[in-house]
Amino acid sequence: MRVVSLVPSLTLTLFDLGLDSTSIVGRTPWCIHPAAQVKDVPVVGGTKTPTLSKIKAAQPTLVVLDRDENPKAVYDWCVEQGYSTFVCDVKHPNAVPAMLRDLASKVNCVARGEELAQRVEAALSVVDKTVSRGTVVPMIWHEPLMAAQSGTYAAGMIQALGFKVPEFEPKGTGYPVVNAEALNEHGVEGILLSSEPHEFALEEGEAIAETMESLSGIRPWVLCIDGEALTWMGSFTAEGFIRLQKELSSF
């Protein structure tokens, strides 16, 4: 098997399923985990702009993609080339176990895939889903200020912990540009500052909170959180969920 992965979190997942650099033959520069193993895998370009000639040169028997992360044109090209594809389309951690089982079946690692799926199910099962913990928003970019809204995997991770995440643009991409007025309008009580793709400083979040307070008289709380825990789906979902649970335990 020769796998090209254009999804950083799924590159990690493929290694965790038991594949190695002899079978994972292409990755993006953002596929950084596991560090000791990915260094031996050639880079074929970015998630949005992979170099198609490099993918072709890798002679893949499977190309792993994500519906949000990779352009449809890349998927269409893979189909035209006759490559088998695996397309991830996970919007909530509850869907990760099924995705892990599907991917594991695709790469002939069913037993290990079942172990990883059950680990995610166990992590998610410990949260009391009857308790509402308020309305928060995960921020992912600063200039312009962008959030992950309800319907995205990042929001799903937060919602699985008992928080509400607003939907700012029902027909948008899932990652709207927002401002203090919109945050107040949707009753945001807490601002979560992701460490990636923009590494937020606490001061940036406090400035947003100060503007919100000047408009409404109510100041939201602000917290920096682990960006990988928020967005890396797959084999890392269980660990990411546990990390977020600890970071948000006081709220």
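Above this text you will find the structure in question.
Residue numbering note: each chain is counted from 1, following its sequence as written. Local features in this predicted model are restricted to residues whose pLDDT is 70 or higher, and side-chain atom pairs enter the listing and the counts only when it is 80 or higher, whereas totals over whole chains, interfaces and linings include all residues. The side-chain quantities take in all heavy atoms of the structure and omit both hydrogens and water.

(A) Focus on the sheet that holds strand E3 (residues 62-66). Strands are treated as partners if at least two bridges between them are detected by DSSP. The helix count covers DSSP runs of H or I at least four residues long, the strand count covers runs of E at least two residues long, and both are numbered beginning at the N terminus. Read across the sheet, four strands follow the order E2-E1-E3-E4 without closing on themselves; strand pairing throughout is parallel. Pairing within the sheet leaves two strands with one partner each, and these edge strands are strand E2 (24-26) and strand E4 (84-88). On average, adjacent strands in this sheet sit at an angle of 30° to one another, irrespective of strand direction. Here, residues are in contact when the closest pair of their heavy atoms is within 4.5 Å. Orientation is described by lines fitted to C-alpha atoms, with helices fitted over the stretch in contact, and by angles between N-to-C directions that extend from 0 to 180 degrees. Along the sheet face, helix H1 (residues 8-17) touches strand E1 (3-5), E2, E3 and E4 and points at about 145° away from the line of E1. Running over the sheet, helix H5 (residues 96-106) touches E3 and E4 and is turned about 165° from E4.

(B) Looking closely at the state of the cysteines. Two cysteine sulfur atoms form a disulfide, by the criterion used here, when they sit within 2.5 Å. Tallied over the full model, the rule gives zero disulfides. Sulfur of Cys109: no disulfide; nearest cysteine sulfur belongs to Cys88 and is 17 Å away.

(C) View of the layout of surface pockets. Cavity means a closed set of points on a 1 Å grid over the protein atoms alone, one where a 1.4 Å probe fits but cannot get out, pocket means an open set with protein on both sides within 12 Å along at least 5 of 7 lines, and lining means a residue has an atom within 4 Å of a point. Grid points are joined across faces, edges and corners, and a volume is the space filled by probe spheres set on the points. If you add up the space inside the largest pocket, you get close to 960 Å³. Glu69, Tyr175, Glu196, Pro197 and Thr231 are the residues nearest the centre of the largest pocket, which is lined by 25 residues in total. Looking at the lining of the largest pocket, the elements with two or more residues in it are H1, strand E5 (136-141) and helix H7 (153-159). Within this model, the second largest pocket holds a volume of roughly 150 Å³. Every residue along the wall of the second largest pocket is listed here: Leu65, Asp66, Arg67, Asn70, Pro71, Lys72, Tyr75 and Val87. Sorting the residues of the lining of the second largest pocket by element identifies E3 and helix H4 (72-81) as the ones contributing at least two each. The classification used treats Ala, Val, Leu, Ile, Met, Phe, Trp, Tyr, Cys and Pro as nonpolar, Asp, Glu, Lys and Arg as charged, and all other residues, Gly among them, as polar. For the lining of the second largest pocket, the residue count by class is four nonpolar, one polar and three charged.

(D) Geometry of the pattern of salt bridges. Throughout this description, the term salt bridge denotes a Lys or Arg side-chain nitrogen within 4 Å of a carboxyl oxygen of Asp or Glu. Scanning the entire structure with this criterion turns up twelve salt bridges. Glu115 is the partner of Arg112 in a salt bridge, and the nearest nitrogen-oxygen pair spans 2.8 Å. One end of the pair is Arg112 and the other is Glu115, both in helix H6 (residues 110-125) and three residues apart, which spans about a single turn. With a shortest N-O distance of 2.9 Å, Arg219 and Glu213 are connected by a salt bridge.

(E) Structural view of the sheet that holds strand E8 (residues 221-225). The strand order across the open sheet built from four strands is E6-E5-E7-E8, with neighbouring strands paired in mixed fashion. Each having just a single partner strand, strand E6 (146-147) and E8 make up the two edges of the open sheet. Alignment of E5 against strand E7 (residues 190-194), held across four bridges, turns out to be parallel. Within E7, the position partnered with Met139 by the bridge is Leu193. Sheet strands touched by helix H9 (residues 202-216): E7 and E8. Its angle to E7, the strand with the most contacts, is close to 155°.

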